[in-house]
Amino acid sequence: MAQIKDEKISDTSLNGPNAHHGPSPNHKPKEEFHGGGGGRGGRGNRFQPYGGPNRDRKGGPPRDNMPRGEFRNDNNHGDNHQGDNDIMNRGNRNHSESGRGGRRGGGVGGGVFRGGPPNRGDDRLTRADALWNERLMQIMGPTHELPQTDTTERKFLSQCRLYIGNLVDCTEEELIEMFKPYGEVSENFLNKEKMFAFIRLDYRTNAEKAKRELDGQTRKGRMLKIRFAPIAAAIKVKNLTPFVSNELLEYAFSIFGDIERCQVMVDERGNSTGEGIIEFSRKNAASNALKRCSEGCFFLTSSLRPCVVETYEFVDSSDGLPDKLLPKKTMDFQKQRDVGPRFANPNSFEHEFGTRWKQLAELYKSKEDALKREMKLEEEKLEAQMEYARYEHETEMLREQLRQREMDRERQKMEWEMKERQAEDQRLREGDIFRRQSEDLSMRMHHQDEEMRRRQQDNSSFMQDHRGGPGKPQFDGPPIPVEAQGGMGGESQVANQSYKIYTVCQIYYFLLIC
């Protein structure tokens, strides 16, 4: 069985490489798988709860529901050519969705899973949504100045992937040796049973050179068919405003993952046609962008025109339809080619039906022009309604702000009045407290004065009693110590005692006043 070389995943999209881990090898819950799942599931991306692109490792073409690329194919080409184009379209499915495996079973997310932790997927969804919303918040804001797009040619892009048909008895080593002269090879997929392969070269010019030189060569009796493989990770963005550039489109959609190429389509005058092409590095990034933009309204500017995202079907029209690819052995080919190019004679059978076909084409063009004019009028009408609704909305918002400010002013006024009343009450309470304290203090001072006078009177009477009775003159000051009088009689001892008592009373009075 053929194998696909491992490709180092460097995706920074919303689906990181470590988002999907699955159960540990030591944990063996009872699991039951139903349906067509199996094999090893694809590696997930760290921003997405489900796995990333799957590159089948064990034989068989990978399976998924990618949009098929369209290649010009006449109904009369025969089953052989139709089968080749179907194989080519299916070959790009090695970038399958998460959890899809091969025939060996047991892959992560294959089929219906029963058992194991029931809420792990919900947790991963919550984390992925949180990371995605965080990245979305980072790009919201003015986009007047954006960095220029890096025009350096990158290696191993999706545009460098080739499809090779009619490979008879070819091995993987022979396939690599066949394309080795044209540059480096990053990835190859070979299906020996259906005789087709996919290979990715380093640069677009090398891939074009390989296609130009190897296409149509005969190998082991079969003519090689080489085409550019369909790009599964590409989307088409419509309904863009005239001010959406390549830089803004890439800046906006970079939240979904790494972008290989981003381009806004223009007309012959260089004006935007309102459409753009975005090629992601991973298919799951394109699927996520398609899902989120389809479920919600994603605006790129202040205009209320959401971008419309569709799957982009790549068509390799560089070579057209060579004559060597036509089924020349069929009856229809022989019948059509029996007569060569010519002009019809007037008033002939051929001229009549040729004129009808031309009238039908003119009718189609006129109806298409009328539909475009009608759609243009509808767009202008919607623009006018949008501007009027925006004006009404802004006016209502201003009114609401004015009402809110009036309510805030009334609330502040009430708060100020309440604070003034509280301050007035506080001043009144403090005045009452101060008045009561002043009255208490004056009363205490009055009592102290009365007490002091009473004690002075008591001291005076006490001193008179110790000076010799009421017949002797009163004592008008502290007694003179004995040493100052120079006597040593009994009267001197009494005077010394009186002096001590007077001194103690003065100290007590001083302490009482303090």
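Quick caveat: nothing in here was measured; it's all calculated off a predicted structure.

Trainee: Could you give an account of the pattern of salt bridges, naming the residues involved and the relevant values?
Mentor: For the structure shown, the criterion picks out 25 salt bridges. Among the ionic pairs, E174 bridges to R219, the shortest N-O distance being 3.1 Å. Taken together, the residues span a long stretch of sequence, with E174 in helix 3 (residues 172-179) and R219 in strand 4 (residues 218-219) at a distance of 45 residues. The buried category is assigned to R219, whose relative accessible area is 14%. One salt bridge in this structure joins R411 and D408, with 2.5 Å as the shortest N-O distance. One end of the pair, R411, and the other, D408, are both in helix 8 (residues 349-466), 3 residues apart, so they sit about a helical turn from each other.

Trainee: How would you explain helix 5 (residues 246-253) if you had to name every residue and give the values?
Mentor: Where helix 5 is concerned, the buried positions are L248, L249, A252 and F253. In a view along the axis of helix 5, the buried residues occupy a sector of 115 degrees, so they form one face of it.

Trainee: Describe a negative patch on the surface, with residues and values.
Mentor: On the surface, E406, E410, E417 and E420 cluster together into a negatively charged patch. Residue position: E410 is located in helix 8. Exposure remark for E410: the relative accessible area of 41% places this residue in the partly exposed category.

Trainee: How would you summarise the nonpolar core if you had to cite specific residues and measurements?
Mentor: With 27 residues, the main nonpolar core has L249, F253, F280 and F298 as its most contacted residues. Setting aside chain neighbours within four positions, we find F280 in contact with S158, A233, I235, F253, F256, G257, D258, I259, E260, A285, A286 and A289. Judged by nonpolar contacts, the second largest core, of 23 residues, contains L162, M178, F228 and I231.

Trainee: So what's going on with the packing of aromatic side chains? Residues and values would help.
Mentor: Enumeration over the complete set of coordinates arrives at 8 aromatic pairs. Measuring from centroid to centroid gives 6.2 Å for F189 and F196, while their planes differ by 45 degrees, and the two rings are tilted. Judged by relative accessible area, F189 falls into the buried class, the value being 1%. For the ring pair F196 and F198, a centre distance of 5.9 Å and an interplane angle of 85 degrees mean the geometry is edge-to-face. Taking the relative accessible area as the measure of exposure, F196 reaches 2% and is therefore buried. For F198, a relative accessible area of 1% corresponds to the buried category. Ring pairing ties together the aromatic residues Y163, F189, F196 and F198, which thus form one cluster. Here the guanidinium or amino end of R204 rests over the ring plane of F228, the centre of that ring lying 3.8 Å away. The ring of F353 carries R356 above its face, with NZ or CZ at 4.8 Å from the centroid.

About the criteria used
Residues numbered from 1 in each chain as written. Predicted model: local features only at pLDDT ≥ 70, side-chain atom pairs only at ≥ 80, totals over all residues. Heavy atoms only, no water. Salt bridge = Lys/Arg side-chain N within 4 Å of Asp/Glu carboxyl O. Helix = DSSP H or I, 4+ residues; strand = E, 2+ residues; numbered from the N terminus. Buried < 20%, exposed > 50% of the residue type's maximum accessible area, 1.4 Å probe, protein only. Arc of directions from axis to C-beta. Patch = residues over 30% accessible without salt bridge, like charges linked within 9 Å, V, L, I, M, F, W, Y side chains within 5 Å. Areas by Shrake-Rupley, 256 points an atom, 1.4 Å probe, with all protein chains shown as cover. Lys, Arg positive; Asp, Glu negative; His and termini not counted. Charge placed at Lys NZ, Arg CZ, Asp CG, Glu CD. Core = buried A, V, L, I, M, F, W, Y, C linked by side-chain atoms within 4.5 Å. Contact = heavy atoms within 4.5 Å. Phe/Tyr/Trp six-rings, centres within 6.5 Å; stacked < 30°, edge-to-face > 60°. Lys NZ or Arg CZ within 6 Å of the ring centre and 35° of its normal.

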